[in-house]
Amino acid sequence: LFITGTVNAGVNPTDQSATLNISGSVTDSEVAGCSVGVIGGNTILLESMDDTDLLNQDENGTHMTIVPLHIYGVKNLSDCYDVIQNGRLALRLTGQGDNATGTVLQNSGTATGVGIGIYNYDTTKPVLINNGNLEIKKDGTANLGLQSVKLSGQSATAGSMKGTLTVEIERL
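Residues numbered from 1 in each chain as written. Predicted model: local features only at pLDDT ≥ 70, side-chain atom pairs only at ≥ 80, totals over all residues. Heavy atoms only, no water.

What follows covers the overall build of the chain. Looking only at helices and strands, one finds 1 helix and 9 strands in the chain. Traced from its N-terminal end to its C-terminal end, the chain shows the element sequence β-β-β-α-β-β-β-β-β-β. For the chain, buried positions account for 31% of its 172 residues. (Helix = DSSP H or I, 4+ residues; strand = E, 2+ residues; numbered from the N terminus. Buried < 20%, exposed > 50% of the residue type's maximum accessible area, 1.4 Å probe, protein only.)

Shown next as structure tokens:
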């Protein structure tokens, strides 16, 4: 018996690929693992602002969008309690820095001359992207503030705001 066939494989120009962001870790079983949860979900909607009303880069926040964070144990909710109580845990905020001074999150939307300022919501003080920590309160919470800002030495133009921020646990 002789069988013959043809297989035709090709790429359709309307097909769209998917990109997966994968992360994980291998941990020491003797060390309590901690995790960060975003209360209210991972998609944050910034307050809309006129391009003439934007805060200047690196000034204290004024019209921030609050992002409540909660730190908890991976295996047991109380696993992180001791390190939080002793002030040995903080949150490091990482992402692509802006093209002016590199202190705020780069905007990847259509607005130009603007970035996303990152703040300690409770103190209104800026937290520098990739260089600063956000303090975790004794109750295991932290309040992150986000606000659209005008980049130093640039003119702001209207458009969309987008950015990706990673919140990492840092042991002090």
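This next bit is on the side chain of Gln57. Its location among the elements puts Gln57 in the loop between β2 (55-56) and β3 (65-73). Judged by its relative accessible area of 5%, Gln57 falls in the buried class.

Let's shift gears to the pattern of salt bridges. Evaluation of the coordinates by the stated rule reveals 1 salt bridge. Notably, a salt bridge pairs Lys137 with Asp122, separated by 3.2 Å at the nearest N-O pair. Of this pair, Lys137 sits in the loop between β7 (133-135) and β8 (141-150) while Asp122 is found in the loop between β6 (114-120) and β7, placing the two residues 15 residues apart along the sequence. Exposure remark for Lys137: the relative accessible area of 31% places this residue in the partly exposed category. (Salt bridge = Lys/Arg side-chain N within 4 Å of Asp/Glu carboxyl O.)

The next subject is the sheet that holds strand β4 (residues 89-94). A sheet is described by the order of its strands in space; here 3 strands give the open sequence β7-β4-β9, paired in antiparallel fashion. Each of the sheet's edge strands pairs with one partner strand only, and the pair in question is β7 and β9 (166-171). Within the sheet, the average angular offset between the axes of one strand and its neighbour, ignoring direction, is 35 degrees. The pairing of β4 with β7 spans 3 bridges and is antiparallel. Bridge assignment links Leu91 to a residue of β7, and that residue is Leu134. (Pairing = 2+ DSSP bridges. Axes fitted to C-alpha atoms, helices over the stretch in contact; angles between N-to-C directions.)

Judged by nonpolar contacts, the single largest core of 21 residues is most densely connected at Ile118, Leu134 and Leu144. Every element with two or more residues in this core is listed here: β3, α1 (81-85), β4, β6 and β8. The contact partners of Leu144, leaving out residues within four places of it in the chain, are Thr65, Ile66, Val67, Leu69, Leu93, Ile118, Tyr119, Tyr121, Leu134 and Leu165. One finds Met64, Val104, Tyr119 and Val149 within the second-largest nonpolar core, a separate group that totals 6 residues. (Core = buried A, V, L, I, M, F, W, Y, C linked by side-chain atoms within 4.5 Å. Contact = heavy atoms within 4.5 Å.)

Once that is clear, we can look at the state of the cysteines. Per the counting criterion, the structure on display carries 1 disulfide. Each sulfur of the disulfide joining Cys34 and Cys80 lies 1.7 Å from the other. Torsion about the S-S bond of the Cys34 and Cys80 cystine: about -130 degrees, corresponding to left-handed handedness. You can see Cys34 sitting in strand β1 (residues 34-38) and its partner Cys80 sitting in the loop between β3 and α1, a full 46 residues away along the chain. When sorted by exposure, Cys34 lands in the same class as Cys80, which is buried. (Disulfide = S-S within 2.5 Å.)

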